Amino acid sequence: RPILWSVNPALLRSQRDARQALIRATQGPEAGHLVIFVVISGITLWALARGWWDTAAWLLLFNVLHNGYPVLSLRQIRDRLHRRGERSHKAARAY
């Protein structure tokens, strides 16, 4: 479905299940980044235990940039979609 790759607000409002499809589409990538984040964090701890300070610092930096940030970003997107969905349900009940 093309809606999964579009962030057009008009499409999210016009297609009934578009919001839920977009929420589901963010869960897989988030889980993948989270698993990689945990694995690389373990490797970073191992590098710290070995005394490889510069290696640990680079691993930590790039792990946060490439895995930590996407996890937080996808969670924020889902939260915003949930809140928008709650507002639209409240508005629909008001009528």
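No experiment lies behind these values; they were computed from the predicted model shown.

**Describing the overall build of the protein**
Helix and strand content of the protein: three helices and zero strands. Ordering the α and β elements of the protein from the N terminus gives α-α-α. Among the 95 residues that make up the protein, the fraction classed as buried is 23%. Considering only residue pairs separated by 6 or more positions, the protein has 56% of its internal contacts joining residues 24 or more positions apart.

**Let's talk about the side chain of N67**
Inspection of the secondary structure assignment puts N67 in helix α3 (residues 53–94). Of the polar contacts made by the side chain of N67, one reaches the side chain of H33; its length is 3.1 Å. Those residues within four positions of N67 in sequence are excluded, and the remaining contacts are H33, I36, F37 and F62.

**Overview of the packing of aromatic side chains**
Inspection of the entire model under this criterion finds two aromatic pairs. Judged by centre distance (5.1 Å) and plane angle (85°), the rings of W46 and W52 are edge-to-face. Judged by relative accessible area, which is 45%, W46 ranks as partly exposed. For W52, a relative accessible area of 35% corresponds to the partly exposed category. Ring centres of W58 and F62 lie 5.7 Å apart, and the angle between their planes is 15°; this geometry places the pair in the stacked category. A residue pair is termed a helical-turn pair when its members lie 3 or 4 positions apart in one helix, as W58 and F62 do in helix α3 at four residues. Judged by relative accessible area, which is 53%, W58 ranks as exposed.

**Observations concerning helix α2 (residues 18–50)**
Taking 1.5 Å of rise per residue, the 33 residues of α2 would be expected to cover 48 Å, and the 49 Å separating its terminal C-alpha atoms lies within 8% of that figure. Looking only at α2, the buried set comprises A18, R19, A21, L22, I23, T26, E30, T44 and A47. After α2 finishes, the residue G51 shows a positive phi value of roughly 85°.

**Some details on the confidence of the model for the protein**
Per-chain confidence: the protein averages 84 in pLDDT, with 77% of residues scoring 70 or above. Helix α1 (residues 9–14) is the least confidently modelled element of the protein, averaging 69 in pLDDT, while α2 averages 93, the highest of any element.

**Examining the pattern of salt bridges**
Taken as a whole and assessed by the stated rule, the structure comprises three salt bridges. For the salt bridge of E30 with R78, the shortest nitrogen-to-oxygen distance reads 2.3 Å. With E30 in helix α2 and R78 in helix α3, this pair connects stretches of sequence that are 48 residues apart. Across the pair, exposure class does not vary: E30 and R78 are buried alike. Through salt bridges with shared partners, one network takes in E30, R75 and R78.

Cut-off values and rules
Residues numbered from 1 in each chain as written. Predicted model: local features only at pLDDT ≥ 70, side-chain atom pairs only at ≥ 80, totals over all residues. Heavy atoms only, no water. Helix = DSSP H or I, 4+ residues; strand = E, 2+ residues; numbered from the N terminus. Buried < 20%, exposed > 50% of the residue type's maximum accessible area, 1.4 Å probe, protein only. Contact = heavy atoms within 4.5 Å. Polar contact = N/O pair within 3.5 Å; in protein donor to acceptor, adjacent residues only side chain to side chain. Phe/Tyr/Trp six-rings, centres within 6.5 Å; stacked < 30°, edge-to-face > 60°. Expected span 1.5 Å × (residues − 1). pLDDT = per-residue confidence, 0-100. Salt bridge = Lys/Arg side-chain N within 4 Å of Asp/Glu carboxyl O.

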